[in-house]
Every structure is written in structure tokens, then in C-alpha cells.
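Observations on the model geometry
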Protein chains: 2
Amino acid sequence: MNNDPGDRMKNGHGGARPNAGRTRGSGAYGEPTRTVRIPESAMTELHALLEQHRQQALLRRHSDTLFLPAQAAESARLPMYSHRVAAGFPSPADDHVEARLSLDEHLISHREATFFVRAIGNSMIQAGIFDGDLLVVDRSVTPVHGHIVIAVIDGELTVKRLHQRDGITMLKAENPRYRDILLKEEQELRIWGVVTATIKQLL
Amino acid sequence: MNNDPGDRMKNGHGGARPNAGRTRGSGAYGEPTRTVRIPESAMTELHALLEQHRQQALLRRHSDTLFLPAQAAESARLPMYSHRVAAGFPSPADDHVEARLSLDEHLISHREATFFVRAIGNSMIQAGIFDGDLLVVDRSVTPVHGHIVIAVIDGELTVKRLHQRDGITMLKAENPRYRDILLKEEQELRIWGVVTATIKQLL
DNA sequence: CAACTTGATTGTTGTTACAATTTTCAAATG
DNA sequence: CATTTGAAAATTGTAACAACAATCAAGTTG
């Protein structure tokens with residue numbers, strides 16, 4: 001070993017030669033890279049993704065000496081993406097969503113006293129009740145002023161808002177084109193129940 | 001306006017106050033990020049992954065308005081009355097009811113693809129969707145012209161009616177006081193799903 | 001002369017730094 | 001009391017940096 005640096009430095013090795021240095025694409029991926037910023041929770045998934053790319057680069061690099069057994073038929077190997085890369089949308093199958101909801105439980109408090117009625121007509125359109133909507137009716141709720149109720153007037157089933165003021169009982173429609181029903185003395189008001197929810201099916 | 005900087009600078013606004021500046025986790029992912037270096041061919045996959053994380057962050061951020069269906073417990077069938085049952089008091093215990101109904105079964109056709117959203121605002125009031133209504137959303141339904149959809153525009157979750165005519169895509173509000181959203185070229189429309197039912201709770 | 005060593009060179013790679021942007025709060029304004 | 005405004009603090013894409021690895025040609029050794 002020559003420990004004197006001066007001598008060697010003068011007629012130095014290497015130098016600004018062409019084709020010196022490591023060759024392009026000699027990294028772990030065999031291709032240029034970029035820096036990106038990602039959330040920390042994506043790190044594990046990303047590491048899986050990177051490992052996959054490294055494997056593929058390794059395979060490409062040694063493709064002249066490495067062979068794999070032919071696959072039985074075209075059992076089209078799909079790329080083994082980490083987790084659900086393709087998804088992109090929140091999926092109900094995902095687990096880390098806090099609240100889960102049962103419509104039955106959510107909308108029905110008194111099971112024994114609840115039934116459904118399909119609305120007919122447009123007399124309650126301003127209350128958001130359209131023809132064909134499904135109404136959830138609770139018979140155990142005591143109807144008071146302001147409630148939307150299912151009532152029987154002259155043998156007809158109707159949905160109206162119950163008004164009780166100064167001893168006068170009315171069934172008001174929520175549509176200016178419909179008349180309110182003022183309850184006469186001899187008329188009997190039969191209230192089947194209070195509407196606790198209305199459901200509009202669009203499809 | 002005081003254009004003299006000296007005055008304002010002295011008792012300047014802001015300053016090194018506590019709790020000033022934007023809050024931690026207010027980014028698109030709701031969590032800290034890191035920079036990593038990845039091969040270029042992984043960029044598309046990474047973008048999908050990141051989009052997914054952004055969606056999940058959005059979902060987390062709106063967890064007070066987003067729900068998923070519960071597992072089918074003992075889905076209680078409740079009586080479903082037809083409208084013409086004029087006579088006396090029907091009881092849910094009665095037998096001569098037409099059908100018995102489970103809301104979960106009736107309103108949810110694809111459990112794996114269904115979630116709930118609580119509506120905010122009154123932009124769809126003429127479609128019978130009011131502030132606070134519960135929307136049943138099915139991701140497996142292909143959105144077409146006329147459907148009411150849940151969409152993400154500029155990171156905001158909205159309910160609108162989808163219009164597609166002559167190559168133009170619009171999100172129309174059903175309330176004259178709200179402007180329609182005309183989709184610009186560079187704007188990306190993300191439709192989370194189609195609203196299959198809306199539920200208005202009255203009690 | 002073939003095999004090995006050596007040093008400069010150049011691409012890779014993980015991380016840090018930076019600048020532009022966005023979000024937020026409280027004081028100031030009307 | 002609602003709105004405006006300026007500074008502060010975080011986000012975010014990208015540039016820069018430093019340590020490292022690979023490569024080649026000249027030099028050295030047997």
C-alpha cells in the first residue's frame with residue numbers, strides 16, 4: 001500500500017470520464033423514483049406495495065436465468081394488491097366505521113303497537129309526505145296537538161296533522177289545495193295512531 | 001381602512017397566541033404525513049391508495065352523519081295494513097293483515113353495498129328530503145340521469161339529483177333557492193351511491 | 001497477463017428543508 | 001353582533017442533501 005496521497009492524487013484514477021459511475025436503473029426497482037407524501041396509516045400498505053414492486057424488479061432483472069413453472073390453464077393471476085387499493089370508496093364491508101344502524105330498531109320503539117301504512121294522495125305534501133310513502137305508525141303514542149296522525153273519518157283512512165286549540169279539534173292537510181277537516185259534534189274521530197316516521201322509496 | 005402599516009403592526013393582529021393557526025389533523029387525511037420515495041410505476045396504485053385514505057378520512061370526519069346497516073338480528077316482521085281497512089281498530093296482533101314487513105329487509109336490497117347518510121340542509125326540499133332526514137344509499141346501483149345521488153364535490157358531501165343530458169353533467173338541487181352545480185372540466189365528480197329511500201323521523 | 005485493488009464518479013435512497021398554500025383564531029372594524 | 005383582516009401554524013408537493021452503493025478505468029500484484 002502506498003500511503004502517500006500526493007502521488008496517487010496527481011494522476012488520479014477515474015476522473016470525469018463518460019460511462020463512469022453506477023448505471024441508471026440499478027436501484028431496487030430498476031426505474032426512477034419520486035418522493036411523495038403519504039399519511040402515516042398508509043405506511044404498512046405502502047410497504048407491502050413496495051415489496052411487491054421490488055420482487056417484480058428482481059424477477060425482471062434475472063428474467064434470463066429465472067423461470068417459473070407454467071400455470072395450469074389461464075388461471076389469470078391477478079396482481080396481489082395490498083388490501084383494497086382499487087376500491088377508493090368507503091365500503092360497508094370496511095370495519096372501522098363506528099355506528100351501525102338497524103332501521104327496525106331505529107324507527108320502531110314499541111314493536112307490539114307499531115304498524116305501517118302506505119300513504120295515498122298528496123294532502124300532506126308540504127310535510128314531505130307524498131303519495132306512496134310508507135308511514136310508520138305507533139298506536140302507543142298519545143296523539144297531541146301537532147302530531148301527524150292516521151285517522152278514520154267517515155270510514156275513510158286519512159293522514160293529517162292534528163290540531164287541538166280552544167276545544168276545537170281539526171285535521172289539517174299540509175297542502176293548500178286540500179281543505180281542513182273541522183270535527184263536528186256528532187262526528188266521531190278515530191285515531192289509529194301517530195306517525196313516527198315516513199319513508200319515501202325512490203327505487 | 002388604515003393604510004399606515006406602522007399603526008397596525010404595533011398592536012398587530014394574531015401574534016404568538018396559543019391556539020392560533022390551523023389545527024393538527026386538518027389535512028386531507030386527518031393525520032400526520034411523511035415523505036417516502038417510490039418507483040414511478042407504483043404511482044397509479046399509490047394514487048388509488050391515497051384516494052381511499054382520503055375517502056376514509058372524509059368518512060371519519062362525517063361519522064356523525066354516516067352509518068352502516070346493522071347485522072340482521074331478529075328482524076321483527078310488523079303488520080302492514082292496506083289502506084282500505086275502513087272498519088274498526090286493527091291490532092297488530094290481528095291475523096287478517098295483508099303482509100308483515102321488516103324495514104331492514106324492505107329497504108335494503110344489497111346489505112354489503114348500503115349505508116346511511118343524514119341529510120344536511122334543505123337543498124332537496126322539493127323532493128321531500130328535509131334537513132335531518134335519514135337517507136338509504138346503495139352503492140351497487142349504477143347512477144343514471146334522474147337518480148338522487150350522494151356525491152363529493154370539492155371535498156363536500158352533498159345530496160343532489162343527477163342530470164346527464166347532451167354530454168353535460170349537472171347536480172341539480174330541488175329547491176329554487178339553491179344553485180345547480182354544473183360540472184366543470186377539471187372537476188372530478190365522485191358519486192358515492194344512489195339514494196334508494198329517504199326516511200323522515202317525526203318523533 | 002489475468003486477477004485484484006483503488007479512487008473518482010454517478011445514480012440511488014431515506015430524510016430534511018423549504019416555499020407556497022390552506023386553515024384557523026382573535027383583534028379590529030363597521 | 002356579523003364581517004373583515006393579519007398573523008400564526010399546519011399541510012403538502014417538491015427540491016436539496018448526505019450517506020450509500022455500484023461501476024469503470026487505471027494501477028498494482030502474483
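Predicted model, so just to flag it, every value in this text is computed and none were measured.

Overview of the overall build of chain A
Helix and strand content of chain A: 3 helices and 9 strands. Helices (α) and strands (β) of chain A occur, in sequence order from the N terminus, as α-β-α-β-α-β-β-β-β-β-β-β. Each of the 203 residues in chain A was classed as buried or not, and the buried ones make up 36%. Long-range contacts, defined as pairs at least 24 residues apart, comprise 53% of the intrachain contacts of chain A with a sequence gap of at least 6. Counting every atom, chain A has about 13100 Å² of accessible surface; 52% of that belongs to carbon and sulfur.

Describing the pairing of strand β6 (residues 134–138) of chain B
Residue and element names in this part refer to chain B. Of all the 5 residues making up β6, 5 are buried; the element is thus mostly covered by neighbouring parts of the structure. The alternating pattern of β6 places Leu134, Val136 and Asp138 on one face and Leu135 and Val137 on the opposite face, and all of these are buried. Bridge count between strand β5 (residues 114–118) and β6: 5 bridges; the pairing is antiparallel. Within β6, the residue paired with Val117 across the bridge is Leu135. In this sheet, strand β11 (residues 190–201) lies alongside β6 in antiparallel orientation, the contact comprising 5 bridges.

Thoughts on the pattern of salt bridges
Residue and element names in this part refer to chain A. Taken as a whole and judged by the stated rule, the model has 8 salt bridges over all chains. The salt bridge involving Glu51 is made with Arg54; its shortest N-O contact spans 3.3 Å. Of this pair, Glu51 and Arg54 both sit in helix α2 (residues 43–61), 3 residues apart, which is roughly one turn of that helix. On the basis of relative accessible area, Arg54 is assigned to the partly exposed category, the value being 29%.

A closer look at the confidence of the model for chain A
All names here are of chain A. Per-residue confidence for chain A gives a mean pLDDT of 71, with 68% of residues at or over 70. Put simply, helix α1 (residues 5–10) is where chain A has its lowest mean pLDDT, 37, and strand β1 (residues 33–39) is where it has its highest, 92. The model gives residues 1–11 a pLDDT under 50, and that stretch makes 3 contacts with residues more than four places away or in other chains. pLDDT under 50 marks residues 66–98. Its contacts with residues more than four places away, or in other chains, come to 44 contacts.

As for the environment of Thr198(A)
Within the fold, Thr198(A) resides in strand β9 (residues 190–201). On the basis of relative accessible area, Thr198(A) is assigned to the buried category, the value being 2%. Put simply, Thr198(A) and Leu135(A) are 63 residues apart on the chain and 4.5 Å apart in space, counted from C-alpha to C-alpha. Apart from residues lying up to four places away in sequence, Thr198(A) is in contact with Gly128(A), Ile129(A), Leu134(A), Leu135(A), Thr198(B), Ile199(B), Lys200(B) and Leu202(B).

Let's talk about the nonpolar core
Of all hydrophobic cores here, the largest spans 19 residues; its most connected members are Leu103(A), Ile199(A), Leu103(B), Phe116(B) and Ile199(B). When contributions to this core are tallied by element, the ones reaching two or more residues are α3 (103–107), β4 (134–138) and β9 of chain A together with α3 (103–107), β6 and β11 of chain B. Formed by 18 residues, the second largest nonpolar core is a distinct cluster that contains Leu66(B), Phe115(B), Val152(B) and Leu157(B).

Topic: the side chain of Thr158(B)
Residues and elements named next belong to chain B. Its place among the elements puts Thr158 in strand β8 (residues 156–165). Look at Thr158 and you get buried, because its relative accessible area is 18%. In this structure Thr158 touches Val149, Ile150 and Ala151, once residues within four positions along its chain are discounted.

Examining the environment of Ser26(B)
Residue and element names in this part refer to chain B. Here Ser26 shows up in the loop between α1 (5–10) and β1 (33–39). Linking Ser26 and Arg61, residues 35 residues apart in sequence, is a C-alpha distance of 9.9 Å. Within the structure, Ser26 has its side chain in polar contact with the side chain of Arg22 (distance 2.9 Å).

Here we look at the environment of Gln52(A)
Its place among the elements puts Gln52(A) in helix α2. On the basis of relative accessibility, which here comes to 17%, the residue Gln52(A) falls in the buried class.

The rules behind each value
- Residues numbered from 1 in each chain as written.
- Chains lettered and ligands numbered in written order.
- Predicted model: local features only at pLDDT ≥ 70, side-chain atom pairs only at ≥ 80, totals over all residues.
- Heavy atoms only, no water.
- Helix = DSSP H or I, 4+ residues; strand = E, 2+ residues; numbered from the N terminus.
- Buried < 20%, exposed > 50% of the residue type's maximum accessible area, 1.4 Å probe, protein only.
- Contact = heavy atoms within 4.5 Å.
- Areas by Shrake-Rupley, 256 points an atom, 1.4 Å probe, with all protein chains shown as cover.
- Pairing = 2+ DSSP bridges.
- Salt bridge = Lys/Arg side-chain N within 4 Å of Asp/Glu carboxyl O.
- pLDDT = per-residue confidence, 0-100.
- Core = buried A, V, L, I, M, F, W, Y, C linked by side-chain atoms within 4.5 Å.
- Polar contact = N/O pair within 3.5 Å; in protein donor to acceptor, adjacent residues only side chain to side chain.

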